[in-house]
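Residue-level structure breakdown
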Amino acid sequence: MNKINELRYQIESLREKLLNLLTHNDDLHSPELIALSDELHGALNEYHRLLGIGK
């Protein structure tokens, strides 16, 4: 599996985890939500960088 496909899988997995946490957690400032959000943001930035999109 190449890096782009790995990132797609990671992004989808993180998105599902984040959605699940948001569904079951009223505290939008919980450390777990912030950490998952940061991880998803980093994966999306890397994905866009590899595709040559954005900055």
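The text that follows walks through the structure, step by step, so that each part is easy to find.

Criteria and thresholds
Residues numbered from 1 in each chain as written. Predicted model: local features only at pLDDT ≥ 70, side-chain atom pairs only at ≥ 80, totals over all residues. Heavy atoms only, no water. Helix = DSSP H or I, 4+ residues; strand = E, 2+ residues; numbered from the N terminus. Expected span 1.5 Å × (residues − 1). Buried < 20%, exposed > 50% of the residue type's maximum accessible area, 1.4 Å probe, protein only. Arc of directions from axis to C-beta. Contact = heavy atoms within 4.5 Å. Core = buried A, V, L, I, M, F, W, Y, C linked by side-chain atoms within 4.5 Å.

1. Things to note about helix α2 (residues 31–51)
For α2, spanning 21 residues, the distance from its first C-alpha to its last is 30 Å, which sits close to the expected 30 Å at 1.5 Å a residue. Among the residues of α2, those classed as buried are L33, L36, L40, A43 and Y47. End-on view of α2: buried residues confined to an arc of 100 degrees, all on one side of the axis. Away from its buried face by more than 90 degrees, α2 exposes P31, D38, H41 and R49. Lining the buried residues of α2 we find α1 (3–24).

2. Here's the deal with the nonpolar core
Counting residues in hydrophobic clusters, the biggest one holds 10 residues: L7, I11, L14, L18, L21, L33, L36, L40, A43 and Y47. Residues contacting L21, with those up to four places away along its chain left out, are E32, L33 and L36.

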